[in-house]
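Results of the structural survey
Spelled out, the chains give:
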Amino acid sequence: MGSVDMAELFSRVGEELRTQEGSRIHRQLREATSGSGRLAALLQLSAMAEATPQGPGRLDKSRPAATEWLLRERDAGSDQERLALLNLAVQFAPTPGSEEQQPLELRDHGQTLTAALLRRQHVLHGCGRPEDRAANALYLRQLRDVLPEATSKKFERELESVLAAADEQPAADEERPFKLPKIYGGLHYKLKRTSALVNPAYVEGKGRCLVANEDIPPGSVLITDSPYAWALGSDRWQTHCQNCCRRTLAPVPCTQCAAVVFCSAGCRQAAWSRFHRAECGILEHLRGGGLTPMALMVARTALTAGMARLRPYLARCDSYDITDVDPAAVYDSLEYDAVFDQVPNSAFRSILDAIRRGTLAIYLLRCLLLTELAAPPAELDERQQLQLAALLLRHLESCACNGFQLSELVPAEELGRDADDEPEAVELGGAVSATMSLINHSCDPNMTRVNHGRHLIAVTTRTVAAGEELQDNYRALFHEAPRAVRQAALLERYHFNCQCSACRLHWPMYDRLSAVAPRAAVRDLLETGAQSESDGEFRSAAQAFAAAAQLVEADHDDPLQPNRLLVDCQGYLTRCLWLAYRL
Ligand SMILES: C[S@@+](CC[C@H](N)C(=O)[O-])C[C@H]1O[C@@H](n2cnc3c(N)ncnc32)[C@H](O)[C@@H]1O
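Note that the coordinates shown come from a computational prediction; the quantities given were computed from them, not determined experimentally.

Tallying secondary structure elements over the chain gives 20 helices and twelve strands in all. In the chain, buried positions account for 54% of the 583 residues. In the chain, the share of contacts with a sequence separation of at least 24, taken over all contacts with a separation of at least 6, comes to 72%. Only carbon and sulfur atoms are counted for the fraction: they give 50% of the accessible area of the chain, which is about 25800 Å².

Turning our attention to the packing of aromatic side chains. Considering all chains together, one arrives at ten aromatic pairs under this definition. Ring geometry for Y313 and F340: centres 4.6 Å apart, planes at 50°, overall tilted. You can see Y313 sitting in helix α12 (residues 293–314) and its partner F340 sitting in helix α13 (residues 336–340), a full 27 residues away along the chain. In this arrangement the basic side chain of R246 is found over the ring face of F178, its NZ or CZ atom lying 4.0 Å from the centre. Stacked on the ring of W230, the Lys or Arg R454 has its end atom at 4.4 Å from the ring centre.

Right, let's get into the site of the ligand. Near the ligand lie 16 residues; those nearest to it are K206, R208, N345, N440 and Y494. At 2.9 Å from a nitrogen atom of the ligand is found a side-chain nitrogen or oxygen belonging to N440. Notes on the ligand: free accessible area 560 Å², of which the protein chains cover 95%. Contributing elements (two or more residues each) for the shell around the ligand: β2 (207–212), α15 (382–402) and β9 (440–441). By residue class, the composition of the shell around the ligand is seven nonpolar, seven polar and two charged. When residues of the shell around the ligand are assigned to domains, at least three fall in each of domain 2 (198–226 + 433–582) and domain 3 (230–402).

This part covers the sheet that holds strand β8 (residues 424–432). A sheet is described by the order of its strands in space; here three strands give the open sequence β4-β8-β7, paired in antiparallel fashion. Of all strands in the sheet, those bounded by a partner on one side alone are β4 (229–232) and β7 (404–410). Neighbour-to-neighbour, the strand axes of this sheet turn through a mean angle of 35°, independent of strand direction.

Pairing is antiparallel in the open sheet, where three strands are placed in the order β3-β11-β10. Every other strand in the sheet has two partners, leaving β3 (221–225) and β10 (447–452) as the edge strands with one partner each. The average undirected angle you get between the axes of adjacent strands in this sheet is 15°. Relative to the sheet, helix α20 (residues 564–582) contacts β3, β10 and β11 (455–460), its axis offset from that of β10 by approximately 20°.

Turning next to the pairing of strand β1 (residues 198–203). Side chains on a regular strand alternate between the two faces of the sheet. The sheet contact formed by β1 and β2 spans six bridges and is antiparallel. Bridged to Y202 within β2 is R208. Between β1 and β2, which pair antiparallel and follow one another directly, the connecting turn spans three residues, one of which, G205, has a positive phi of 90°.

Right, let's get into unusual backbone geometry. Note on backbone geometry: most residues besides glycine have negative phi, and most peptide bonds are trans. Positive phi, close to 70°, is recorded for C245, a residue that is not glycine. One can find C245 in the loop between β4 and β5 (252–253). Residue classification places C245 among the buried residues on the basis of a relative accessible area of 2%. A positive phi angle, close to 50°, is found at N345, a residue other than glycine. You can see N345 is positioned in the loop between α13 and α14 (351–368). Residue N345 is classed as buried on the basis of its relative accessible area of 13%.

What follows deals with the pattern of salt bridges. On inspection of all chains with the given rule, the structure shows 21 salt bridges. E372 is paired through a salt bridge with R277; the nearest N and O atoms lie 3.2 Å apart. Of this pair, E372 sits in the loop between α14 and α15 while R277 sits in helix α10 (residues 265–279), placing them 95 residues apart in sequence. Assessed through its relative accessible area of 43%, R277 is described here as partly exposed. Taken together, the shared-partner salt bridges connect R193, D225 and D332 into one network.

Counting residues in each nonpolar core, the largest one holds 113 residues, and the members touching the most others are V13, L310, Y336 and L391. Ranked by size, the runner-up nonpolar core spans 20 residues in total, among them V221, L526, A542 and L565.

On to the environment of A229, then. Counting through the fold element by element, A229 comes out in strand β4. The sequence separation of A229 and V298 amounts to 69 residues, and the corresponding C-alpha distance is 7.7 Å. Apart from residues no more than four positions distant in its own chain, A229 is found in contact with M297, R300, T301, A431 and V432.

Turning next to the packing of α12 against α14. Direction vectors running N to C along α12 and α14 enclose 45°, while the axes themselves pass 11 Å from each other. Relative to α14, the element α12 lies oblique. Helix-helix and strand crossings are classified by hand; for α12 and α14 the assignment is right-handed. Contact residues: M294, A295, V298, A299, A302 and L303 in α12; R357, L360, L364 and L368 in α14.

How two helices pack is summed up by the angle between their axes together with the distance between the axes. Their axes nearest at 10 Å, the elements helix α1 (residues 6–17) and α14 cross at an angle of 120°. Between α1 and α14, the angle is such that the two are oblique. Relative to α14, α1 is oriented so that their crossing is right-handed. Listed contacts from α14 to M6, L9, F10, V13 and L17 of α1 are I355, R356, T359, L360 and Y363.

On to the confidence of the model for the chain. Counting all residues, the mean pLDDT for the chain is 85, and 84% of those residues have values of 70 or more. The low-confidence segment residues 98–112 (pLDDT under 50) makes 31 contacts with residues lying over four places distant or belonging to another chain. Every residue in residues 125–151 is under pLDDT 50, and counting partners more than four places away or in other chains gives 68 contacts.

In this structure, Q384 sits in helix α15. Here Q384 falls in the buried class, since its relative accessible area comes to 17%. Beyond its immediate chain neighbours, meaning those up to four positions away, Q384 contacts R311, L314 and E379.

Summed over the entire model, instances satisfying the criterion amount to zero disulfides. Between C498, a cysteine without a disulfide, and C500, which holds the nearest cysteine sulfur, the sulfur-to-sulfur distance is 3.6 Å. Residue C498 is classed as buried on the basis of its relative accessible area of 4%.

The rules behind the values
Residues numbered from 1 in each chain as written. Predicted model: local features only at pLDDT ≥ 70, side-chain atom pairs only at ≥ 80, totals over all residues. Heavy atoms only, no water. Helix = DSSP H or I, 4+ residues; strand = E, 2+ residues; numbered from the N terminus. Buried < 20%, exposed > 50% of the residue type's maximum accessible area, 1.4 Å probe, protein only. Contact = heavy atoms within 4.5 Å. Areas by Shrake-Rupley, 256 points an atom, 1.4 Å probe, with all protein chains shown as cover. Phe/Tyr/Trp six-rings, centres within 6.5 Å; stacked < 30°, edge-to-face > 60°. Lys NZ or Arg CZ within 6 Å of the ring centre and 35° of its normal. Near = heavy atom within 4 Å. Polar contact = N/O pair within 3.5 Å; in protein donor to acceptor, adjacent residues only side chain to side chain. Nonpolar A, V, L, I, M, F, W, Y, C, P; charged D, E, K, R; others polar. Domains from an automatic or database assignment. Pairing = 2+ DSSP bridges. Axes fitted to C-alpha atoms, helices over the stretch in contact; angles between N-to-C directions. Salt bridge = Lys/Arg side-chain N within 4 Å of Asp/Glu carboxyl O. Core = buried A, V, L, I, M, F, W, Y, C linked by side-chain atoms within 4.5 Å. Parallel < 35°, antiparallel > 145°, perpendicular 65-115°, else oblique. Left-handed = near helix turned anticlockwise from the far one by under 90°. pLDDT = per-residue confidence, 0-100. Disulfide = S-S within 2.5 Å.

Dropping the structure here:
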């Protein structure tokens, strides 16, 4: 239900640039040295008139639509499908505050939202899902009073245990807290949610980074960051909370639009005041036409900041002047300055990149002008609108080389595979998390990154020596892909030539690494780790694998030449950390 088909629009822009009149604009575009210059060139194209939101910006709730989903549930082939359809019924059912008014207070048997919610509890109960968590929903207590009179006895009995469980639970009208792991080495005094054992630094050719100020053992949690903005892929909007990004078994819909759900009234309120109030009326424009979660993330960055915060940055929209780190500055991912300072690599981008992101920035600007962002008294003149578009362009660029993927582990059987197979990390969306973005890449990383809901956790996977840079992996591990493939991917996506040890010294891939026999103590630790992992004790497993990695490192003659055993230990540790912190 896209209002603008972006793929179509890009090809129209391309066609126009190839015409005689377009070639003048093309030259201006090539010669422009700033984002706003490129946007000014693009705005001369007549195709740019199409980069304008069309049609309704909000997906409206309606009783007939909700009833339709409810009826379709009867023919569903599996519980999974059933729950998805019921989620849609809940989402589309009018809720208090919307035009059709107060459905939970309507006590008639045909009441759609009530029916959908009750049916949902019933299905959850029937398929043995953790319905106590589902029961922990704000509306369940209210449902007790509005049980349809004609509910069957059997259904009522089944519901009894669910309702009893609800009585045991605190009401989920507050945000479910995140159980984030403890940061190793105490908290940094100026890097928020980061360990005191790392400091920001600047390295010529790589930019800013984080450096250890003492030896840090494997398995140490160094950052538990909160993102500034985040977005789910639209295929998750029925199943995951827009605020905490966790799967919700008991969706609490937005009271205004039929597009999104939350897992509690608390999450709904938090998202409403942070970004959803402003975006609710334009979400269909942002979802439409193949816009990625990245575009939504950029829109949410601007909406979260608000015009008062953005205004001083309008004049700086084209400049990136970071050449060092300020030792006195406080660095907080929840502050807009940190997001603004993320490296956009604008100078290294191709003309095609400029056209695509520029067109998108113009479209996003026009969507945002329909929101409270630019409503009086924040009105913007033409020059300021161009600057705001350039700011959005900068964020579209910086998101592409700083944004993080959010994912969740999905049991193999839910993916239609054998129940004994390993769970798989499935992409949910993305997050803008500026402290985490200070970490550079290496094809031989010394840490891994895990998301817990929308939060991002950095944990070491081998010893990070004092003075050593903390290094993540942007999905190019030296033992998994040849150097040329890794370098090409990093250059294309993140605009740098990787200079890590594995690249400089042409380290071989896994099969050609030396295979050293583990000594008895390492063997014991690997066995203990494997046993804990199969018992589901992922944190204990991670501890054992971290200790094994440390012993292997201690046995190692040359720390710059990892062997297969060290690679294996890091691999096991990474997997267990994923399992331990994602749950
Ligand atoms: C997530 S940011 C890392 C922080 C960044 N250095 C800064 O100053 O904000 C990613 C960008 O850092 C730079 N970078 C990261 N790893 C690098 C490496 N191994 N070699 C050179 N540049 C690197 C590239 O510009 C890349 O697009």
